[in-house]
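Listed below are the residues making up each chain.
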Amino acid sequence: MLLIRTHYDGAAWRDVLSRMGELPGLVAPRSGRDAHAVPREPIPRRLIVVDDRAWQGATPEEVREALDEDGTWIPDLVLLADDRTAADPRLRPLLAFRGTDGDAFRITPRQAALTYLVLHRPYQERTLERFEEEAPAEPDGESGEEWENGLPDPVGACLESLNPPPRYEPPTRALPLLTQETFGLLVRTDFTDDAAWTSLLDTVHRPGPGYDDPIEDFTDDVDAVDDPAFDGSSPEQLMALVRDNQDPGQVTADLVMIADGTTMRDPDHRVLVVPLEGPIGHAFRIIPERVGIMVCNLAIGNMDVEAFMDD
């Protein structure tokens, strides 16, 4: 991902960087011998941040032209912090477009950060195409005030209403990678109640009568990660660690499920579901009895994740 500052409002720029967080693979302007070093990360990725007055006022067309030059690194997503970013302190919308093509759209820094965390996963082109449809930068209509009123909210506007809003912060220690070996991946991040965890797994694997087939066993469909290394890990940190299965024949649900402190304290043990494709950022909770049915239907493409979301 490439983030370029094209409008010189210092407060707005600092606010954008703060909302995005200290993302893995971040390459920010700095002086010295390591000015262009790319940090080593468990999953190769990089976010190049450009803060250079030479790009002041640059348009998407000018950026595309520069990226079209032979030998230029082509990012999956380009972000411009422009005059509209500075003019909206509530959302700080960025102008975005895919590589050297794709329609321009508006996206919040928080949404851009969450999308960056999963850009390495397959099928993210579909997610970016969805963003183009949700928040086109220049919708059809009149110019002037009517045009302004017709602008859709940027992708991720709802994230600003969350308390607290999502923000990636690097873990205090190196975390192991997470690989989806089966349809679903359930990661334990709270280790205060072993009995609650055991009860949760029992329900996830064999939900019991009243949930379709009463003898259904989802043990082989949901991988449970019970590793204290993940104690206290945030959803954003786990998003950045989930890599796809190396077996091209293995289908998986594009999400990670988390058994956090809320899950353990909740009498129903509802797990946190974090999509890794499509509605990225729209995390929700689901009762454990529905986990197996959900991941199986998502993995085979029989249903979309929105079908399982709460209102």
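Cut-off values and rules
Residues numbered from 1 in each chain as written. Predicted model: local features only at pLDDT ≥ 70, side-chain atom pairs only at ≥ 80, totals over all residues. Heavy atoms only, no water. Core = buried A, V, L, I, M, F, W, Y, C linked by side-chain atoms within 4.5 Å. Buried < 20%, exposed > 50% of the residue type's maximum accessible area, 1.4 Å probe, protein only. Helix = DSSP H or I, 4+ residues; strand = E, 2+ residues; numbered from the N terminus. Contact = heavy atoms within 4.5 Å. pLDDT = per-residue confidence, 0-100. Pairing = 2+ DSSP bridges. Axes fitted to C-alpha atoms, helices over the stretch in contact; angles between N-to-C directions.

*Asks:* Where do I start with the nonpolar core in this structure?
*Replies:* For soluble globular proteins, the rule of thumb is that nonpolar side chains tend to be buried together. In this structure, Leu3, Met20, Leu79, Ile107 and Leu178 are the most contacted members of the largest nonpolar core, which totals 45 residues. Looking at this core, the element that brings in the most residues is helix 4 (residues 109–117), giving five residues. If sequence neighbours within four positions are ignored, Leu3 has contacts with Trp13, Val16, Leu17, Met20, Leu47, Ile48, Val49, Val50, Leu79 and Leu94.

*Asks:* Looking at this model, I keep getting lost on the confidence of the model for the chain. Mind explaining?
*Replies:* Detailed reading of predicted coordinates is not advised where the pLDDT is low. Mean pLDDT over the chain works out to 90, with 90% of the residues at or above the 70 mark. Taking the mean pLDDT of every element in the chain, the minimum, 65, falls on helix 6 (residues 145–149) and the maximum, 98, on strand 4 (residues 78–81).

*Asks:* Where do I start with the pairing of strand 12 (residues 271–275) in this structure?
*Replies:* Here is the key point about a regular strand: its side chains alternate between the two faces of the sheet. Most of strand 12 is tucked away, with five of its five residues classed as buried. Covered by surrounding structure in strand 12 are Val271, Val273 and Pro275 together with Leu272 and Val274, the residues of both alternating faces. In the sheet, strand 11 (residues 255–259) pairs with strand 12 via four bridges, with the strands oriented antiparallel. Paired with Val256 across the strands is Val274, a residue of strand 12. Taken together, the three bridges between strand 12 and strand 13 (residues 284–286) define a ladder with antiparallel strand orientation. Note that in strand 13 the partner of Val271 across the bridge is Ile286.

*Asks:* Explain the sheet that holds strand 9 (residues 222–225) here, please?
*Replies:* Think of a sheet as strands paired side by side through backbone hydrogen bonds, with each pair either parallel or antiparallel. Taken in spatial order, the five strands of this open sheet run 9-8-11-12-13, and their pairing is mixed. Looking at which strands have only one partner, the edges of the open sheet turn out to be strand 9 and strand 13. Neighbour-to-neighbour, the strand axes of the sheet open up by a mean angle of 30°, direction not taken into account. Looking at chain direction, strand 8 (residues 184–188) and strand 11 are connected through three bridges and run parallel. Paired with Val187 across the two strands is Ile258, which belongs to strand 11. Across the sheet, helix 10 (residues 291–299) touches strand 8, strand 9, strand 11, strand 12 and strand 13, and the angle it forms with strand 11 is around 165°.

*Asks:* Please clarify how the sheet that holds strand 5 (residues 94–97) should be interpreted in this entry.
*Replies:* One open sheet holds the six strands; their spatial order is 2-3-1-4-5-6, and the pairing between them is mixed. One side of each edge strand has no neighbouring strand; the edge strands of this open sheet are strand 2 (26–27) and strand 6 (105–107). The pairing of strand 4 with strand 5 spans three bridges and is antiparallel. Bridge pairing in strand 5 places Val78 opposite Phe97.

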